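The lines below spell out each chain.
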Amino acid sequence: MGTGRGRLASAALALGLLFAWLLSVPLSGPVLARSSAPGLGALTAAEAFALAHGLSLLALGLWSLRGPLPGLCPWAGPVTAALGLLLAAAPTGWWPPLLLLAGATSAAAVLVVACSIARLPGAERPWAIALGALLANVPLYVAALPEAPLPDRPLAAALALGPLMVPLLLPRAAGEEERAQSSWWPLPALVPAAFATYLVGGLMYSLVLPTLGGLGLHMGVLPYMALLPLAAWAAVRWGWARALRPGPALLGLGFVAWALAGGGSRELAAQGLVVGGYAFLDVPLWGAFADGRRPPVSLGLGLGAMVTAIFAGMALGERWAAAAQGREEEVALAAAACLLLAALVLPAWTEGREGSAAPAAAPASPDGLGLSRREAQVLSLAVRGLSNKEIAVMTGLSGGTVRKVLERAYRKLGVRGRLEAAALLNGRGRASDGDGGGISRPSRAT
């Protein structure tokens, strides 16, 4: 699909089909939980998969620091599908080694899909993430119902066909280019913040889950699915930093309500606020990592940290529950205080530091270039890689006005487009450090 909406739909569909299998089957999904599959050493089958998946994402992110992703990564989806079909047919005794392999191959498939989302315009990325997550959670909701309306192995086989479609839905990319024009981006702080938030949320939910009755179990992931469109809208409207604020806030408020409420209100708080709050974590965080200077690096490290936190929550859940026994409400209130503090602090240290997904303040007219304030504002957004449509959304201008403003700015600068304008501005910045602000014009041969 060549149109903008077609690319968005293809990326969302690839994400949804891949994660429909991941969430329902191996990533601590209900199908795996009901299978009684043997563990691998000290790890359960689900923990072994989560560990392999998280470490593989981290390894691919580190690999991308030195060069492009391995050439076989686009075919990781079909390989994952083959392993998924084998899991659906094989005796459960075979599952642990198959899950380890699937953890590695599915990590490569996830990174390929995530990088395809990173190539979308910034205003479309949150919608691709939200639509893909919505699609992925439909079979998870059905599979997790207490009455289990669908047989597990046929369901696992059907969902395993999803990763097979990944290379068919996504165009082959020539390579990932570094976004040299991007502003400073807080990857070193955002990765551990994501890890800590998912770890605290996962550990606390291990206390909440045993208290759920029929109401909570039937609600399942419905609150999460309902809030996904709102999270996507917030990420487009406010930028990923501000859209991230409701995530830990909803989790914190959910744990407060769970600790203080009783009966059905307790289940509504646990599922409605806690489960729903993850929509405001997943969408902004995926969008933030996709907005990185080098998406394969930021997505590999960021998503790897999130999955590794999920593994840590699974591995430590029973010990955490035993340590908190008899003091569950006090522990929930303490965790809630940490999450609410994170909701207040997070936007402060990301303010003004986002890339293309957030509105930027209008820059002052650069000295010596003769641009109006409006021309300088629109040009600064253009050289950061934003499309005319995104600039129009951020500035409140029409698409035609954005185009005319850019054309006037290009004429004043004597350049032919945004690449030459970026080279001019970068050259001006370097020259101002050395000779008091001289302007070096870009070569027409470049």
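## Section: the overall build of the protein chain
- Helix and strand content of the protein chain: 21 helices and 0 strands.
- Residue pairs in contact within the protein chain that sit at least 24 positions apart in sequence constitute 80% of those at least 6 positions apart.
- Taken as a whole, the protein chain presents about 19200 Å² of accessible surface, with 66% of it coming from carbon and sulfur.

## Regarding helix α4 (residues 76-89)
- A rise of 1.5 Å per residue sets the reference length of α4, with its 14 residues, at 20 Å; its end C-alpha atoms lie 20 Å apart and thus fit the reference within 8%.
- Buried residues of α4: A76, G77, P78, T80, A81, L83, G84, L87 and A88, and no others.

## Observations regarding the environment of W238
- Mapped onto the elements of the fold, W238 is located in helix α11 (residues 222-238).
- The exposure class of W238 is partly exposed, given its relative accessible area of 37%.
- On a C-alpha basis, the gap between W238 and M394 in space is 9.6 Å, while along the polypeptide they are 156 residues apart.

## Digging into a nonpolar patch on the surface
- Taken together, L85, L161, L164, M165 and L168 make up a surface patch of nonpolar side chains, about 440 Å² in accessible area.
- One can find L168 in helix α8 (residues 166-169).
- For L168, a relative accessible area of 65% corresponds to the exposed category.

## A word on the packing of helix α13 (residues 246-260) against helix α14 (residues 264-277)
- Here α13 crosses α14 at 165°, and the two axes come no closer than 7 Å. It follows that α13 is roughly antiparallel to α14 by the angle criterion. Note that α13 runs across α14; the crossing there is left-handed. Two secondary-structure elements touch here, α13 through G247, L250, L251, L253, G254, F255, A257 and W258 and α14 through R266, A269, A270, L273, V274 and G277.

## Notes on the nonpolar core
- Of all hydrophobic cores here, the largest spans 115 residues; its most connected members are F255, L285, W286, F289, L299 and L303.
- Residues contacting F255, with those up to four places away along its chain left out, are G201, M204, Y205, V208, V274, A332, A336 and L339.

Each value, and the rule that gives it
- Sequence order as written defines the numbering, with residues in each chain counted from 1.
- Under the rules for a predicted model, residues below a pLDDT of 70 receive no local features and side-chain atom pairs below 80 are neither given nor counted, while totals for whole chains, interfaces and linings still include all residues.
- Computation of side-chain values covers all heavy atoms of the structure but excludes hydrogens and water.
- Strands here mean DSSP runs of E at least two residues long; helices mean DSSP runs of H or I at least four residues long; both are numbered from the N terminus.
- Contacts are assigned to residue pairs that have any heavy atoms within 4.5 Å of one another.
- With residues, only the protein chains shown are counted as cover, and all accessible areas are computed by Shrake-Rupley using a 1.4 Å probe.
- One fewer than the residue count of a helix, multiplied by 1.5 Å, yields its expected span.
- The cut-offs for exposure are 20% and 50% of the maximum accessible area for each residue type, with area from a 1.4 Å probe on protein chains only; residues under the lower value are buried, those over the upper are exposed, and the others partly exposed.
- Note that patches include only residues with greater than 30% relative accessible area and no salt bridge, and the join distances are 9 Å for like charges and 5 Å for nonpolar side chains (Val, Leu, Ile, Met, Phe, Trp, Tyr).
- Whenever Lys or Arg places a side-chain nitrogen within 4 Å of a carboxyl oxygen from Asp or Glu, that contact is recorded as a salt bridge.
- Only the contacting stretch of a helix is used when fitting its axis, a line to C-alpha atoms as for every element, and angles between N-to-C directions run 0 to 180 degrees.
- An angle counts as roughly parallel when it lies under 35 degrees, as roughly antiparallel when it exceeds 145, as roughly perpendicular when it falls between 65 and 115, and as oblique in every other case.
- Each helix crossing is assigned a hand: it is left-handed if the near helix lies turned anticlockwise from the far helix by less than a right angle, otherwise right-handed if that turn is clockwise.
- Each nonpolar core is a collection of buried residues, namely Ala, Val, Leu, Ile, Met, Phe, Trp, Tyr and Cys, held together in the definition by side-chain atoms within 4.5 Å.

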